[in-house]
Every structure is written in structure tokens, then in C-alpha cells.
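Structural description and commentary
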Amino acid sequence: DNGTLRIIGSNGDDESKSAWDSKDKGASWEKAYDFPAEIQDSDEGYADRGALSADGKAVCVYNKIENGSDIKPILYLLDQNGSARPLAFELPGSKGENAQTKLVMGVTFAGNDQLLVKDETDTIYQISTEDGSVKQTYDFDGSLDSHQVYAAGTKMIIFTSTEALVYDTETGEQV
């Protein structure tokens, strides 16, 4: 709303994760904050993917390494000042007796209070940033195509190699 541009990413010098703001249309940049220590890369895991909301929040997928080689993706929501909290969301099938390692392959905001999270089977989960609950699941069972997921307001746009699909994230219906 105030014209600020924000980017998140890795510092090329030391690979630390941080957010940067520009108030002059990208001519100059000032560090807004460093990501908290628990989501910086370490022997315990690494930040893998991220996205920004229109109101300046960020989400980061942190792949926690367990038992030496198992990966558990954890979604962290960062407020506009960089304070982070994990979301209570786990990919279905990634816990319990027959658990499989599942990875997050994409994440984006749908508005300021919903996330679209794509797993490696191209299933897309629409989750609340408030409590991590799943509002909708979009399953493309049997599709051999890879899906690229984007959001524009309350619309989710999915591109495959042959078509573009548009869904209303308020209703979960294809439009």
C-alpha cells in the first residue's frame, strides 16, 4: 500500500536468509530483517522455498533433517518485522506408522491469510495462515502433467503443459 517493494532470499556472501525493502522502486535496497536462527541453514536443516504476501508477510519452507537423512518440511510464517512462528501443518501421509518423506515443491500466498502448498505428487493444499488448517485440497489424481501454481487475489491459476486452469479459492471450484 505504501509502494515498498520487498524481496526475500539468500545473501550471496554468507547464504544467510533475509528480507530486503526498497522504497524507491528498486533503485536502492535496505535490509528489513534477517530470518530467525531456527530457519537459517545449518546441520539441522535448510530453508528451501518462500513466498511473500501483498501485506509484507513471508512464508518459508524449512526442511528439517531428522534421523540423519529424513526430511520434515516445516512452514514458518514471518510477520512484517521478521518474527516467525511455525504453522501447525504437516503434509498428509508424512507421519505415523506408514509415513513417507514428502517434500513441499511450491508455496504461494492466496490473499494475505491463505497459502497454497504443492507437494511432490502435485496435490495442492489451501491452508490458513492463522492455524495451519486445510481449507481445500486440489488433487489431480492420475495426471502425468506437472502443475505450476500461481495466485491472483482469491484466484488460483494452474498451468500444465497443455492448459491453464483457474480456481476460486473461496469456493474451491474451477471457474
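Residues numbered from 1 in each chain as written. Predicted model: local features only at pLDDT ≥ 70, side-chain atom pairs only at ≥ 80, totals over all residues. Heavy atoms only, no water.

**Some thoughts on the overall build of the protein chain**
Within the protein chain, the secondary structure is distributed over 0 helices and 14 strands. Mapped from its N terminus to its C terminus, the protein chain presents α and β elements in the order β-β-β-β-β-β-β-β-β-β-β-β-β-β. On C-alpha atoms alone, the protein chain measures out to a radius of gyration of 17 Å, which is about the 16 Å that the 2.2 N^0.38 rule sets for 175 residues. With the C-alpha coordinates aligned to their principal axes, the bounding extent of the protein chain is approximately 45 × 40 × 30 Å. The buried share among the 175 residues of the protein chain stands at 39%. (Helix = DSSP H or I, 4+ residues; strand = E, 2+ residues; numbered from the N terminus. Rg over C-alpha atoms; globule rule 2.2 N^0.38 Å. Buried < 20%, exposed > 50% of the residue type's maximum accessible area, 1.4 Å probe, protein only.)

**Regarding the nonpolar core**
With 15 residues, the main nonpolar core has Val59, Leu75, Phe89, Val107, Leu115, Val117 and Ile127 as its most contacted residues. Ranked by the residues each element gives to this core, the list is headed by strand S8 (residues 104-110), at 3 residues. If you look at the next biggest cluster of nonpolar residues, it comprises 11 residues, including Ala19, Phe35, Cys60 and Ile74. (Core = buried A, V, L, I, M, F, W, Y, C linked by side-chain atoms within 4.5 Å.)

**Regarding the side chain of Asp122**
With respect to the helices and strands, Asp122 occurs in the loop between strand S9 (114-119) and strand S10 (124-128). At 2.9 Å, the side chain of Asp122 forms a polar contact with the backbone nitrogen of His147. (Polar contact = N/O pair within 3.5 Å; in protein donor to acceptor, adjacent residues only side chain to side chain.)

**Topic: the pairing of strand S4 (residues 45-52)**
Consecutive side chains of a regular strand alternate in pointing toward one face of the sheet and then the other. Note that S4 and strand S5 (residues 58-66) share 7 bridges and pair antiparallel. The residue bridging Gly50 from the neighbouring strand is Cys60, located in S5. (Pairing = 2+ DSSP bridges.)

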